Amino acid sequence: MSAESNARVHIHAFRWWVGNPEMTRAEAELRDLAALRDAVAYEIGIHAHEVATYEGISWATVADALSISPAAARRRYER
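Residues numbered from 1 in each chain as written. Predicted model: local features only at pLDDT ≥ 70, side-chain atom pairs only at ≥ 80, totals over all residues. Heavy atoms only, no water.

You'll find the chain entered in an unreviewed UniProt entry as Sigma-70, region 4, with Brevibacterium metallidurans given as the organism.

Draft legend 1. Summary view of the packing of aromatic side chains. This structure, assessed with the given rule, holds zero aromatic pairs. Seen from the ring of Trp 17, Arg 31 lies directly overhead, with NZ or CZ sitting 5.4 Å from the centre. (Phe/Tyr/Trp six-rings, centres within 6.5 Å; stacked < 30°, edge-to-face > 60°. Lys NZ or Arg CZ within 6 Å of the ring centre and 35° of its normal.)

Draft legend 2. Highlighting a nonpolar patch on the surface. Taken together, the side chains of Ile 11, Leu 30 and Leu 33 present a nonpolar region at the surface, about 270 Å² in accessible area. Relative to the helices and strands, Ile 11 is located in helix α1 (residues 3-13). (Patch = residues over 30% accessible without salt bridge, like charges linked within 9 Å, V, L, I, M, F, W, Y side chains within 5 Å. Areas by Shrake-Rupley, 256 points an atom, 1.4 Å probe, with all protein chains shown as cover. Salt bridge = Lys/Arg side-chain N within 4 Å of Asp/Glu carboxyl O. Helix = DSSP H or I, 4+ residues; strand = E, 2+ residues; numbered from the N terminus.)

Draft legend 3. Focus on the confidence of the model for the chain. For the chain, per-residue confidence averages 96 on the pLDDT scale, and 100% of positions sit at 70 or higher. Within the chain, no element has a lower average pLDDT than α1, which sits at 95, and none a higher one than helix α3 (residues 59-66), at 98. (pLDDT = per-residue confidence, 0-100.)

Draft legend 4. Structural view of the pattern of salt bridges. Within the structure shown, the criterion is met by three salt bridges. One salt bridge connects Glu 29 with Arg 25, and the closest N-O pair in it is separated by 3.0 Å. A residue pair is termed a helical-turn pair when its members lie 3 or 4 positions apart in one helix, as Glu 29 and Arg 25 do in helix α2 (residues 25-54) at four residues. Under the relative-accessibility criterion, Glu 29 is labelled partly exposed at 30%. Glu 27 is the salt-bridge partner of Arg 31, the closest N and O atoms lying 3.0 Å from each other. With Arg 31 and Glu 27 both in helix α2, this residue pair falls four residues apart, about one helical turn. (Buried < 20%, exposed > 50% of the residue type's maximum accessible area, 1.4 Å probe, protein only.)

In structure tokens form, the structure reads like this:
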């Protein structure tokens with residue numbers, strides 16, 4: 001199993017809004033995905049900043065891991 005397919009298994013297993021009687025299943029699934037998106041974006045930002053600032057990982061390496069340019073990584077994650 002690849003990292004991506006394993007991550008998808010976790011995504012499909014995450015259920016916070018699904019089962020809420022106040023919304024449709026489709027809306028609940030979208031809310032669950034949005035919650036995951038926001039949490040992942042936050043964690044990537046924190047981790048990218050920490051490894052580049054405190055662990056000596058270059059912005060080029062951070063950018064390569066995230067499939068973005070080094071300039072974009074710095075703009076996005078350097079504080």
